[in-house]
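# Architecture at a glance
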Amino acid sequence: MTAIFKFDGLLLILLLLICTCTYIRAQFPALLDRNKHGFLGAFWKMARIGERLSPYVAAACLAMAIKVLVHN
């Protein structure tokens with residue numbers, strides 16, 4: 001089964017997308033800022049979530065890392 005069909009995998013993919021989009025926006029702000037609408041606007045929104053909720057995103061990443069290490 002792919003990661004999309006498991007809740008843990010979906011959450012991991014979502015966290016990785018948020019962290020990646022936030023990093024890309026920090027390094028190259030014009031890349032995501034020009035695409036605020038449409039399909040690519042989802043990446044801009046993920047970057048905003050990562051910027052505004054960074055302590056919670058970091059805590060979720062830590063919790064997921066511990067879960068992956070302990071579970072496997």
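Right above here is the structure, for reference.
A brief look at the structure comes next.

Rules used in this analysis
- Residues numbered from 1 in each chain as written.
- Predicted model: local features only at pLDDT ≥ 70, side-chain atom pairs only at ≥ 80, totals over all residues.
- Heavy atoms only, no water.
- Phe/Tyr/Trp six-rings, centres within 6.5 Å; stacked < 30°, edge-to-face > 60°.
- Salt bridge = Lys/Arg side-chain N within 4 Å of Asp/Glu carboxyl O.
- Buried < 20%, exposed > 50% of the residue type's maximum accessible area, 1.4 Å probe, protein only.
- Helix = DSSP H or I, 4+ residues; strand = E, 2+ residues; numbered from the N terminus.
- Core = buried A, V, L, I, M, F, W, Y, C linked by side-chain atoms within 4.5 Å.
- Contact = heavy atoms within 4.5 Å.
- Axes fitted to C-alpha atoms, helices over the stretch in contact; angles between N-to-C directions.
- Parallel < 35°, antiparallel > 145°, perpendicular 65-115°, else oblique.
- Nonpolar A, V, L, I, M, F, W, Y, C, P; charged D, E, K, R; others polar.

### Some words on the packing of aromatic side chains
Using the criterion set out here, one finds one aromatic pair in the structure. Their ring planes at 90° and their centres at 6.1 Å tell us that phenylalanine 39 and phenylalanine 43 sit as a pair that is edge-to-face.

### Notes on the pattern of salt bridges
Counting across every chain of the model gives four salt bridges. With a closest N to O distance of 2.9 Å, aspartate 33 and arginine 25 form a salt bridge. Residue arginine 25 is classed as buried on the basis of its relative accessible area, which comes to 17%. The residue glutamate 51 makes a salt bridge to arginine 48 at a minimum N-O spacing of 3.2 Å. With a gap of three residues between them, glutamate 51 and arginine 48 both fall in helix α3 (residues 41-52), about one helical turn apart. On the basis of relative accessibility, which here comes to 31%, the residue glutamate 51 falls in the partly exposed class. The exposure class assigned to arginine 48 is partly exposed, which follows from its relative accessible area of 23%. Residues joined in a network through salt bridges with shared partners are Arg25, Asp33, Arg48 and Glu51.

### Some remarks on the nonpolar core
Leu15, Ile18, Cys21, Leu32, Trp44, Met46, Ala47, Val57 and Met64 form the largest nonpolar core, which has nine residues in total. Of all elements in the fold, only α1 (7-27), α3 and α4 (54-71) reach the threshold of two or more residues within this core. Ignoring sequence-local partners within four residues, the contact set of valine 57 consists of Leu15, Ile18, Cys19, Ile49 and Gly50.

### Some points on the packing of α1 against α3
Running from N to C, α1 and α3 point in directions that differ by 90°, and their axes come no closer than 7 Å. Relative to α3, the element α1 is oriented roughly perpendicular. The segment α1 lies against α3, with Leu17, Ile18, Cys21, Thr22 and Arg25 engaging Phe43, Trp44, Met46, Ala47, Arg48, Ile49, Gly50 and Glu51. Classifying every residue of the contact of α1 with α3 by side-chain character gives eight nonpolar, two polar and three charged.

Functional significance is not addressed by these values, which are geometric in nature.
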